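Listed here are the chains, written in short residue letters.
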Amino acid sequence: VPPMTTFKTGPIHVGIVVSPYFCALDVFGVYTIFGVPPCLGLRPDIHVHLIGADLNEFSAVPPWPMRATTTFETCPRPLDVLAVGAMPPAFLTDVRGMTFVAQAGQEAGFLLGVCGGVQVLGAAGLLQGYRATTNFHSLDALHHCGAVPTTGHVVVDRNRYTSGPAIGAYDASLMILAELCGPEVARELELHLEHLSEPPFRTGRPELAGRELTYRALERLRGISSDASGEFARVCKLRGLERA
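Residues numbered from 1 in each chain as written. Predicted model: local features only at pLDDT ≥ 70, side-chain atom pairs only at ≥ 80, totals over all residues. Heavy atoms only, no water.

### Examining the overall build of the protein
Reasoning step 1: On a plain count of helices and strands, the protein comes out with eight helices and 11 strands.
Reasoning step 2: Expected size for 244 residues packed as a compact globule is a radius of gyration near 18 Å; at 17 Å, the protein falls within 12% of this value.
Reasoning step 3: Expressed as lengths along the three principal axes of its C-alpha atoms, the size of the protein is roughly 45 × 40 × 35 Å.
Reasoning step 4: Sorting the 244 residues of the protein into buried and exposed places 48% on the buried side.
Reasoning step 5: Put simply, of all contacts in the protein between residues at least 6 apart along the chain, 66% involve residues at least 24 apart.
Reasoning step 6: Only carbon and sulfur atoms are counted for the fraction: they give 58% of the accessible area of the protein, which is about 12,000 Å².
Reasoning step 7: One finds the centroid of the 19 positive side-chain charges in the protein at a distance of 6 Å from the centroid of its 23 negative side-chain charges. (Helix = DSSP H or I, 4+ residues; strand = E, 2+ residues; numbered from the N terminus. Rg over C-alpha atoms; globule rule 2.2 N^0.38 Å. Buried < 20%, exposed > 50% of the residue type's maximum accessible area, 1.4 Å probe, protein only. Contact = heavy atoms within 4.5 Å. Areas by Shrake-Rupley, 256 points an atom, 1.4 Å probe, with all protein chains shown as cover. Lys, Arg positive; Asp, Glu negative; His and termini not counted. Charge placed at Lys NZ, Arg CZ, Asp CG, Glu CD.)

In structure tokens form, the structure reads like this:
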């Protein structure tokens, strides 16, 4: 699906995939950027859907009680935007959830993967031949799904937007909002939110953090990252996604 060259007229539907123990901070930015414009009257016809297996309450990571607003079967399609943050490794082998991501992703106007959500898009077969980034712990693993690992805060390849965790979701979502609604809407929203990142320690990338801090960070998450990357590689191999 090529990027849109004209602004969307009519309702805009944004879907965010959720599940128990998914990383909520990865999608806070997506929910904010697309959820606030209707409240401000900037674009009242944007509808944000939290899409899950059912409508039961669950806890995300960090602990945050929430529930989906629609299910894989009942969410409106095609979506204008499908966004995925980091999911628990078991989601990669959830046939129902991954089938939804694969099918809805093929139909969506824009795809947004944040942090480990990039691996979900990749395992669904949606990143083969596309440049993509993710969190620095897992960037090299993207070759398993046929993507082209690319360093960057936000990487855009046609209608695929990928980023690292947290702040990247805000920036990528603003970029997509500009494509859908025009740059003036995105510019005004950025002002309303006073979205100007001024990190106090400037350690948000390995090259800024330095070797010692980066090593400590990698060691702290080694077990979690290894389990997630191993499951990702296994699923991608089963699906034959890895580039030759």
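Now that the structure has been shown, we can carry on.
### A look at the pattern of salt bridges
For side chains of opposite charge, pairing can occur when their charged atoms come near one another.
Reasoning step 1: Counted under the stated rule, the structure contains 11 salt bridges.
Reasoning step 2: Across the salt bridge formed by Lys8 and Asp80, the nearest N and O atoms sit 2.8 Å from each other. Within this pair, whereas Lys8 is found in the segment before strand S1 (12–17), its partner Asp80 is found in the loop between strand S5 (70–71) and strand S6 (81–84), the two being separated by 72 residues in sequence.
Reasoning step 3: A salt bridge links Arg67 to Glu57, with the nearest nitrogen and oxygen atoms 3.4 Å apart. Separated by 10 residues along the polypeptide, Arg67 in the loop between strand S4 (64–66) and S5 and Glu57 in the loop between strand S2 (46–52) and strand S3 (58–60) bring together distant segments of the chain.
Reasoning step 4: Look at Arg67 and you get partly exposed, because its relative accessible area is 42%. (Salt bridge = Lys/Arg side-chain N within 4 Å of Asp/Glu carboxyl O.)

### Description of the environment of Leu40
Reasoning step 1: Along the polypeptide, Leu40 turns up in helix H1 (residues 25–40).
Reasoning step 2: You can call Leu40 partly exposed: its relative accessible area is 42%.
Reasoning step 3: For the pair formed by Leu40 and Pro62, sequence separation is 22 residues and the distance between their alpha carbons is 28 Å.

### Points about the confidence of the model for the protein
Reasoning step 1: Averaged over all residues, the pLDDT of the protein is 95; the fraction at 70 or higher stands at 97%.
Reasoning step 2: Predicted confidence is poor over residues 1–5, with pLDDT under 50, and the contacts of this stretch with residues over four places away or in other chains come to 11 contacts. (pLDDT = per-residue confidence, 0-100.)

### Observations concerning the layout of surface pockets
Reasoning step 1: Taken as a whole, the largest pocket spans an internal volume of roughly 1,400 Å³.
Reasoning step 2: Every residue lining the largest pocket is counted, 46 residues in all, and those nearest its centre are Asp26, Cys115, Asn135, His137 and Pro165.
Reasoning step 3: The leading source of residues in the lining of the largest pocket is helix H7 (residues 211–220), at four residues.
Reasoning step 4: For the lining of the largest pocket, the residue count by class is 26 nonpolar, 15 polar and five charged.
Reasoning step 5: What lines the second largest pocket is simply Leu92, Thr93, Asp94, Val95, Met98, Thr99, Ala102, Ala123, Arg234, Val235, Leu238 and Arg239. (1 Å grid on protein atoms, 1.4 Å probe; cavity = no way out; pocket = protein on both sides within 12 Å on 5 of 7 lines; lining within 4 Å. Points joined across faces, edges and corners; volume = space filled by probe spheres on them. Nonpolar A, V, L, I, M, F, W, Y, C, P; charged D, E, K, R; others polar.)

### A word on the pairing of S2
Reasoning step 1: The element S2 is extensively covered by neighbouring structure, given that five of its seven residues are classed as buried.
Reasoning step 2: The pairing of S1 with S2 spans six bridges and is parallel. Across the sheet, Ile16 pairs through a bridge with Leu50, a residue of S2.
Reasoning step 3: For the handedness criterion, the β-α-β arrangement of S1, H1 and S2 is classed as right-handed.
Reasoning step 4: Relative to S5, S2 is paired through two bridges, and the arrangement is parallel. Following the sheet pairing, Ile51 is matched in S5 by Thr70. (Pairing = 2+ DSSP bridges. Right-handed = clockwise from strand over helix to strand, strands pointing away.)

### Thoughts on the side chain of Ser163
Reasoning step 1: The residue Ser163 is located in strand S11 (residues 160–163) in this model.
Reasoning step 2: Beyond its immediate sequence surroundings of up to four residues, Ser163 is in contact with Gly113, Val114, Cys115, Val118, Thr133, Thr134, His153, Val154, Gly168 and Ala169.

### Some thoughts on the packing of aromatic side chains
Geometry of an aromatic ring pair is reported as the spacing of the ring centres plus the angle between the planes.
Reasoning step 1: Applying the stated criterion across every chain yields a total of four aromatic pairs.
Reasoning step 2: Seen in terms of ring centroids, Phe110 and Tyr161 are 5.9 Å apart; in terms of plane orientation they differ by 70°. Their pairing is edge-to-face. Placement of the pair is Phe110 in strand S7 (residues 110–114) and Tyr161 in strand S11, with a sequence separation of 51 residues.
Reasoning step 3: Since its relative accessible area comes to 5%, Tyr161 is described here as buried. (Phe/Tyr/Trp six-rings, centres within 6.5 Å; stacked < 30°, edge-to-face > 60°.)

### Details of the nonpolar core
Reasoning step 1: Judged by nonpolar contacts, the single largest core of 70 residues is most densely connected at Val17, Phe22, Phe34, Phe100, Val101 and Leu177.
Reasoning step 2: Tallying contributions element by element places helix H4 (residues 167–181) first for this core, with eight residues.
Reasoning step 3: Ignoring any residue separated from it by four or fewer positions in sequence, one finds Val17 in contact with Phe22, Ile51, Phe72, Leu82, Ala83, Val84, Met87, Phe91, Phe100 and Val101. (Core = buried A, V, L, I, M, F, W, Y, C linked by side-chain atoms within 4.5 Å.)

### Brief notes about the sheet that holds S1
Reasoning step 1: Reading across from one edge, S5-S2-S1-S6-S7-S11-S10 is the order of the seven strands in this open sheet, with mixed pairing throughout. Since the sheet does not close on itself, it has two edges, and those belong to S5 and strand S10 (154–157), each with one partner.
Reasoning step 2: As defined by bridge partners, S1 adjoins S6 across four bridges and the pair is classed as parallel. In the sheet register, Ile16 faces S6, and the bridge partner there is Ala83.

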